[in-house]
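# Report on the structure
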Amino acid sequence: MKKKDPTVNEEGMATRTRRTIVKLLKQEGSLDALQLAKQLDVSGMAVRQHLYNLQEQQLVTYVEEPRTMGRPAKMWRLTPESNRLFPDGHGDLVVSLIESMKEAFDEEGLEKLLEIRNQKQIAQYKNKLAACVLLHEKLIALAECRTTEGYMAEVAEHPDGSFSFVEKHCPICEAAKACSGFCSKELEMLQQVLGNDVEVERISHILSGSNRCVYAIKAAN
């Protein structure tokens, strides 16, 4: 009977661990090695080895954060290069189609197409949120819809009654880079889906360099 090569199994485990680290950084944002080690139930040294490997692949980077005692902590976060590891909505194809639409219909025609897409999306979301009454219920249902579409969305409620609607990934990022109208329509979509009695403000934006899009949401005065 042929013996299994232990190095193959070790490499597979290392790959799975690195994938988990990338997923945690996507979900949680910046974390230091000890925070990652605790969640993975491994040693800090082991996590650092994986982080340095991911850094060599240009998938993660870090900034130093001062501590009251001891050395500054390295807060690890994903780089834009890591977006290729997550759903991208067939970015290259979409970008190519956008460029073709600009040539065929010019900017005004493209804006009309985006508006048609936006109105259809709004109608779909409103239909799925029809049974929701409270703002919190609407946001949870919307987050579930968006997560299904690849946005990794979640809702955070604050003591003052306001909310943060967080999207940790943008599956249409490449398309949004090629056409800023996608992002402006996203903000418009949220406002129309949630209603005029709600204030929606984007306070963090992936295309502006953040690792997530965050919308501040509260009931209008």
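This write-up is about the structure you can find in this document. On a predicted model such as this, the values are computed, not experimentally measured, just so you know.

## So, helix α3 (residues 44-56)
- The end-to-end C-alpha distance of α3 is 18 Å, a good match for the 18 Å that 13 residues give at a rise of 1.5 Å each.
- Where α3 is concerned, the buried positions are Gly44, Val47, His50, Leu51 and Leu54. The buried residues of α3 occupy an angular sector of 125° when the element is viewed end-on, so they sit on one face. Of the residues in α3, the exposed ones pointing more than 90 degrees away from the buried face are Met45, Gln49 and Glu56.
- The positive-phi residue at the C-terminal boundary of α3 is Gln58, with phi of around 65°.

## Digging into the packing of aromatic side chains
- One pass over the full model with this rule turns up 2 aromatic pairs.
- Ring plane angle 70° and centroid distance 5.7 Å describe the contact between Tyr52 and Trp76, whose orientation is recorded as edge-to-face. One end of the pair, Tyr52, is in helix α3; the other, Trp76, is in strand β2 (residues 73-78), and 24 residues separate them in sequence.
- Residue Tyr52 is classed as partly exposed on the basis of its relative accessible area of 35%.
- When the ring of Tyr62 is compared with that of Trp76, the centres are 4.9 Å apart and the planes differ by 55°; the resulting orientation is tilted. Here Trp76 lies in strand β2 and Tyr62 lies in strand β1 (residues 60-65), a separation of 14 residues in the sequence.

## Points about the packing of helix α2 (residues 33-40) against α3
- Contact pair α2 / α3: the axes reach a minimum separation of 8 Å and the direction vectors enclose 110°. As the angle between them shows, α2 and α3 are arranged roughly perpendicular. Contact residues: α2 offers Ala33, Leu34, Leu36, Ala37 and Leu40, while α3 offers Gly44, Val47, Arg48 and Leu51.
- For the contact of α2 with α3, the per-class residue count stands at 7 nonpolar, 1 polar and 1 charged.

## Description of the sheet that holds strand β5 (residues 198-204)
- Strand order in the open sheet made by the 4 strands is β3-β4-β6-β5, with antiparallel pairing throughout. Each having just a single partner strand, β3 (153-157) and β5 make up the two edges of the open sheet. In this sheet, neighbouring strand axes are inclined to one another by 25° on average, regardless of whether the strands run parallel or antiparallel.
- Sheet topology places strand β4 (residues 163-167) next to strand β6 (residues 213-219); 5 bridges connect them, and they run antiparallel. Each bridged residue has a counterpart across the sheet, and for Val166 the counterpart in β6 is Val214.
- Across the sheet, helix α5 (residues 135-148) lies against β3, β4, β5 and β6, angled at about 160° from β3, the strand it touches most.
- Sitting on the sheet, helix α7 (residues 181-194) touches β4, β5 and β6, and the angle it makes with β5 is about 150°.

## Notes on the pattern of salt bridges
- Counted by the stated rule, this structure contains 10 salt bridges.
- Residues Arg146 and Glu149 are paired through a salt bridge, measuring 3.9 Å at the closest nitrogen-oxygen approach.
- Take Arg146: its relative accessible area is 1%, and that puts it in the buried class.
- What you see here is one network of salt bridges that share partners, running through Glu111, Glu115, Lys185 and Glu188.

Rules behind the numbers
Residues numbered from 1 in each chain as written. Predicted model: local features only at pLDDT ≥ 70, side-chain atom pairs only at ≥ 80, totals over all residues. Heavy atoms only, no water. Helix = DSSP H or I, 4+ residues; strand = E, 2+ residues; numbered from the N terminus. Expected span 1.5 Å × (residues − 1). Buried < 20%, exposed > 50% of the residue type's maximum accessible area, 1.4 Å probe, protein only. Arc of directions from axis to C-beta. Phe/Tyr/Trp six-rings, centres within 6.5 Å; stacked < 30°, edge-to-face > 60°. Axes fitted to C-alpha atoms, helices over the stretch in contact; angles between N-to-C directions. Parallel < 35°, antiparallel > 145°, perpendicular 65-115°, else oblique. Contact = heavy atoms within 4.5 Å. Nonpolar A, V, L, I, M, F, W, Y, C, P; charged D, E, K, R; others polar. Pairing = 2+ DSSP bridges. Salt bridge = Lys/Arg side-chain N within 4 Å of Asp/Glu carboxyl O.

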